[in-house]
Amino acid sequence: MFLLYEYDIFWAFLLISSAIPVLAFLISGVLSPIRKGPEKLSSYESGIEPIGDAWLQFRIRYYMFALVFVVFDVETVFLYPWAMSFDVLGASAFIEAFIFVLILILGLVYAWRKGALEWS
């Protein structure tokens, strides 16, 4: 027998957590003043008058460096639970984690040889 009332707390939490952001946007839209002018439409640069165009093109090297950082940051997130339960998992989990780290090291060596990590 499937009892729906067991999930009442879940539905209440889902409803409240969905209503709070919607209410925040609605209240801010109603209460905020609507004044459009040249100062409102200009970009803000720490109180200094903006110079030039706001559109800047960055080199792909910055994105490659950030992508390599994110990959190794996510690796840490995946390896932390494995390290916390290492004694329970056994040798097969060690071999799997070793292969995972080996693949990431091969990717790092590939990015290094391609020059993606050079900051010049």
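Residues numbered from 1 in each chain as written. Predicted model: local features only at pLDDT ≥ 70, side-chain atom pairs only at ≥ 80, totals over all residues. Heavy atoms only, no water.

With an unreviewed UniProt entry as reference, the protein is termed NAD(P)H-quinone oxidoreductase subunit 3, chloroplastic, source organism Arabidopsis lyrata subsp. lyrata. A UniProt comment under Subunit (unreviewed entry) is attached to the protein, and it reads "NDH is composed of at least 16 different subunits, 5 of which are encoded in the nucleus." For the record of the protein, the UniProt heading Sequence similarities (unreviewed entry) holds the text "Belongs to the complex I subunit 3 family." (UniProt positions renumbered as here; feature names shortened; annotations may be inferred.)

Trainee: Would you explain the packing of helix 3 (residues 60-84) against helix 5 (residues 91-114) in this entry?
Mentor: Working note: a packed helix pair is described by the angle between its axes plus the distance between those axes. Axis separation between helix 3 and helix 5 bottoms out at 12 Å; the angle between their running directions is 170°. As summarised for this structure, helix 3 and helix 5 are arranged roughly antiparallel, according to the angle between their axes. Contacts between helix 3 and helix 5 involve Val68, Val71, Phe72, Glu75, Phe78, Leu79 and Trp82 on the former and, on the latter, Ala93, Phe94, Ala97, Phe100, Val101, Leu104, Leu108 and Ala111. Here the contact of helix 3 with helix 5 is built from residues that sort into 14 nonpolar, no polar and 1 charged. (Axes fitted to C-alpha atoms, helices over the stretch in contact; angles between N-to-C directions. Helix = DSSP H or I, 4+ residues; strand = E, 2+ residues; numbered from the N terminus. Parallel < 35°, antiparallel > 145°, perpendicular 65-115°, else oblique. Contact = heavy atoms within 4.5 Å. Nonpolar A, V, L, I, M, F, W, Y, C, P; charged D, E, K, R; others polar.)

Trainee: Explain the domain arrangement of the protein here, please?
Mentor: Interfaces are often sized by the amount of accessible area the parts lose when they come together. Taken domain by domain, the protein holds domain 1 (1-31) and domain 2 (56-119). A separation of 38 Å is found between the C-alpha centroids of domain 1 and domain 2. (Domains from an automatic or database assignment.)

Trainee: What's the story with the packing of aromatic side chains in this structure? I'm lost.
Mentor: Each aromatic ring pair is characterised by the separation of its centres together with the angle its planes make. Evaluation of the coordinates by the stated rule reveals 4 aromatic pairs. Residues Phe78 and Phe100 carry aromatic rings whose centres are separated by 6.2 Å and whose planes lie at 80° to one another, so their mutual orientation is edge-to-face. Linking Phe78 in helix 3 with Phe100 in helix 5, this pair joins segments that are 22 residues apart in sequence. Owing to a relative accessible area of 54%, Phe78 belongs among the exposed residues under this scheme. Taking the relative accessible area as the measure of exposure, Phe100 reaches 30% and is therefore partly exposed. Taken together, Trp82, Phe94 and Phe98 form an aromatic cluster joined through their ring pairs. (Phe/Tyr/Trp six-rings, centres within 6.5 Å; stacked < 30°, edge-to-face > 60°. Buried < 20%, exposed > 50% of the residue type's maximum accessible area, 1.4 Å probe, protein only.)

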